[in-house]
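So you can see what is in the structure, the chains are spelled out below.
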Amino acid sequence: MNFKEFFSKQAEKPSGIFGRVVMSHIFEKGNADLNSFMKELLSPEETDHILEIGFGTGRLISDMAAITKRGIIEGVDFSETMVSVARKKNRKYMEKGRVRIRRGSFEEIPYSENSFDKICSANTIYFWPDPVDIAKKILKIMKPGGKLVIGFGDREQLREKPLSSKVFRLYSINDVKNILKESGFTSGIDVISKQGKSFILNCAVAVK
Ligand SMILES: C[S@@+](CC[C@H](N)C(=O)[O-])C[C@H]1O[C@@H](n2cnc3c(N)ncnc32)[C@H](O)[C@@H]1O
């Protein structure tokens, strides 16, 4: 395996000391502006029940939990390394029952229908085995009127980066809108973009 493939696999599912130290640092610093844009668009409210898929270091979870004082933020991530980093970061909220962090593949976890006010995921769509199936599941478990925010990088800019196409599937803004339409979202589908510190940040938004 060459370094490009190794790095791409670490981005998909961080592991070991490289995941804990290097990938955590990259997620915290490199994705900070996308995660703060996500928070702005999600506009968490005090009683919200929110799910984050693929939370990485758990920074967005802790930023939202500071606001959802009477709500619950749930997170699912299949990397043991990231689960341990995120649990440490969110310990005080977990002790109060305001944050629940679970290890597993989103695809495999049985969530109740109509149970989340908001669902979000940043920088994970590239790795979803079947994005339409995943978006269908998101739609099912979201409450009517619930909001989805999916953050992803600009396809052309990511193409310039040393990322393996065996691991990263890159999507255009239209691709992501089509995934949401195909999966059954009918309302409020939009992609909002803004210039971040080093990349264009894209957030796909849809309402159930
Ligand atoms: C590139 S990182 C992004 C982390 C964070 N959202 C951010 O923007 O900094 C992708 C994360 O999603 C997790 N992940 C990817 N696919 C997943 C899936 N199907 N189910 C659960 N976790 C997943 C990985 O373990 C990793 O922590």
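An account of the accompanying structure is given in this report.

Locating Leu 148 in the fold gives a position in strand β5 (residues 142–153). Sequence-wise, Leu 148 and Asp 117 are 31 residues apart; in three dimensions their C-alpha atoms are separated by 8.8 Å.

With that settled, consider the packing of aromatic side chains. In total, this model carries nine aromatic pairs according to the counting rule given. An angle of 65° between the planes, with centres 4.9 Å apart, marks the rings of Phe 6 and Phe 18 as edge-to-face. Of the two residues, Phe 6 is situated in helix α1 (residues 3–12) and Phe 18 in helix α2 (residues 16–30); the sequence distance between them amounts to 12 residues. Where Tyr 126 meets Phe 168, the ring centres are 5.3 Å apart and the plane angle is 35°; that geometry is what we call tilted. Placement of Tyr 126 in the loop between β4 (116–122) and α7 (131–141) and of Phe 168 in the loop between α8 (155–159) and α9 (173–182) is noted, with a sequence separation of 42 residues between them. Here Tyr 126 and Phe 168 have matching classes, each one buried. In textbook terms, an aromatic cluster arises when at least three aromatic residues are bridged by ring pairs, as seen for Phe 3, Phe 6, Phe 7 and Phe 18. Lying over the aromatic face of Phe 78, Lys 13 brings its terminal NZ or CZ to 5.1 Å of the ring centre.

Quick look at the pairing of β5 now. Relative to β5, β4 runs parallel, the two being bridged by six bridges. Looking at β5, one finds that Ala 122 is bridged to Gly 151. Handedness of the crossover joining β4 and β5 through α7: right-handed. When β5 meets strand β7 (residues 200–207), the two strands line up antiparallel, connected through seven bridges. When the bridges of β7 are listed, Gly 151 appears paired with Cys 203.

Of all seven residues making up β4, six are buried, and the element is well covered by its neighbours. In this structure, strand β1 (residues 49–53) lies alongside β4, joined through three bridges in parallel fashion. Counted as the bridge partner of Leu 51 is Ile 119 from β4.

What follows covers the sheet that holds β5. Read from one edge of the open sheet, seven strands run β3-β2-β1-β4-β5-β7-β6, paired in mixed fashion. Because the sheet does not close on itself, it has two edges, and the strands there are β3 (99–103) and β6 (187–195). Strand-to-strand, the axes of this sheet are offset by a mean angle of 15°, without reference to chain direction. Lying on the sheet, helix α3 (residues 32–42) is in contact with β1, β4, β5, β6 and β7; it crosses β7 at an angle near 25°. Sheet strands in contact with helix α5 (residues 80–89) are β2 (72–77) and β3, and its direction is about 165° off that of β3.

Basis of the calculations
Residues numbered from 1 in each chain as written. Predicted model: local features only at pLDDT ≥ 70, side-chain atom pairs only at ≥ 80, totals over all residues. Heavy atoms only, no water. Helix = DSSP H or I, 4+ residues; strand = E, 2+ residues; numbered from the N terminus. Phe/Tyr/Trp six-rings, centres within 6.5 Å; stacked < 30°, edge-to-face > 60°. Buried < 20%, exposed > 50% of the residue type's maximum accessible area, 1.4 Å probe, protein only. Lys NZ or Arg CZ within 6 Å of the ring centre and 35° of its normal. Pairing = 2+ DSSP bridges. Right-handed = clockwise from strand over helix to strand, strands pointing away. Axes fitted to C-alpha atoms, helices over the stretch in contact; angles between N-to-C directions. Contact = heavy atoms within 4.5 Å.

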